[in-house]
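Summary of structural features
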Amino acid sequence: MGKSKTKGGTPATVALEKAKAEFTLHPYDHDPAAQAYGEEAADALGVPYERIFKTLVAETEGGLAVAVVPVAGKLDLKALASALGGKRAAMADAAKVERVTGYVVGGISPLGQRKRLPTVVDASALEFGTIYFSAGKRGLQIETAPACLIELTGAVTAPIGKPA
């Protein structure tokens, strides 16, 4: 995996390049009718669902927070709240998420958001040498080491995913 330069990159790719991080971009043809963006990316790229991570934003007692979980499962909101020292979390309103992150739903990256939010990466990410997640637009995935994502987002890891 080498450093991948991008022309007119997204805020996520710009953040990786600025950090001199090792990453690979994986573009694919996004189907506008697709509803399950992570599964679509996994199928298009031939990557197991466990290695493709979706970026979700939840409302917690402390405000908005980012959860990065495998597309193979769901977010455990109670586990997310606990990882952040709280008791409750609920999925945030999509319009608010787009406004705060600067990304559209289905293309939200944990990197390069307008406002840095507390981030929790599911502990299962550490089982892989590299993981995939949105590069900040539908039809483009970043592949990098989990440690790189954790470092650049200031994330904590916790078991926040649960089976679908």
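This structure is a prediction, so every number in the text was calculated from the model and none was measured. (Residues numbered from 1 in each chain as written. Predicted model: local features only at pLDDT ≥ 70, side-chain atom pairs only at ≥ 80, totals over all residues. Heavy atoms only, no water.)

Brief notes about the overall build of the chain
Selection rule: Under the DSSP-based scheme used, a helix requires at least four consecutive residues in state H or I and a strand at least two consecutive residues in state E, with every element numbered from the N terminus. Throughout, radius of gyration means the C-alpha value; the globule benchmark is 2.2 Å times the number of residues raised to the power 0.38. Contact between two residues is taken to exist if any of their heavy atoms lie within 4.5 Å; hydrogens are not considered. The Shrake-Rupley method, run with a 1.4 Å probe sphere, supplies the accessible areas, and residue values consider only the shown protein chains as cover.
In terms of helices and strands, the chain carries five helices and 10 strands. Rg of the C-alpha trace for the chain: 14 Å, near the compact-globule value of 15 Å for 164 residues, within the 12% margin. Principal-axis analysis of the C-alpha atoms gives the chain an extent of 40 × 30 × 30 Å. Of the contacts formed within the chain by residues at least 6 apart in sequence, a portion of 59% connects residues at least 24 apart. Accessible surface, the chain: about 8000 Å² in total, of which carbon and sulfur atoms supply 53%.

Regarding helix α2 (residues 37–45)
The line we're drawing: Three labels apply to residues, based on accessible area from a 1.4 Å probe with only protein chains included: buried if under 20% of the type maximum, exposed if over 50%, partly exposed otherwise in between.
Turning to α2, its buried residues number three or more, namely G38, E40, A41 and A42. In this fold, the buried residues of α2 make contact with β2 (52–60) and β8 (140–144). Backbone geometry just after α2 places G46 at a positive phi near 70°.

Some points on the environment of T10
One can find T10 in the segment before α1 (11–18). You can call T10 buried: its relative accessible area is 9%. In this structure, the C-alpha to C-alpha distance between T10 and L140, residues 130 residues apart in sequence, is 9.8 Å. Excluding anything up to four places from it in sequence, T10 contacts A135, G136 and K137.

Considerations on the pairing of strand β3 (residues 63–70)
For clarity, the threshold we go by: Strand pairing is assigned whenever DSSP detects at least two bridges linking the two strands.
Extensive coverage of β3 is indicated by the burial of eight of its eight residues. As judged from the eight bridges shared by β2 and β3, these two strands associate in the antiparallel manner. Across the sheet, F53 pairs through a bridge with P70, a residue of β3. Hairpin connection, β2 to β3: the antiparallel pair is bridged by two residues. Here β3 runs beside strand β6 (residues 119–122); their pairing, made up of three bridges, is parallel. Within β6, the position partnered with V68 by the bridge is V121.

Details of the pairing of β2
The element β2 is largely enclosed, with a buried count of seven among its nine residues. Two strands pair when backbone bridges link them, and β2 and strand β5 (residues 89–91) are joined in this way by three bridges, in the antiparallel orientation. Bridging from a neighbouring strand, T60 pairs with A89 of β5.

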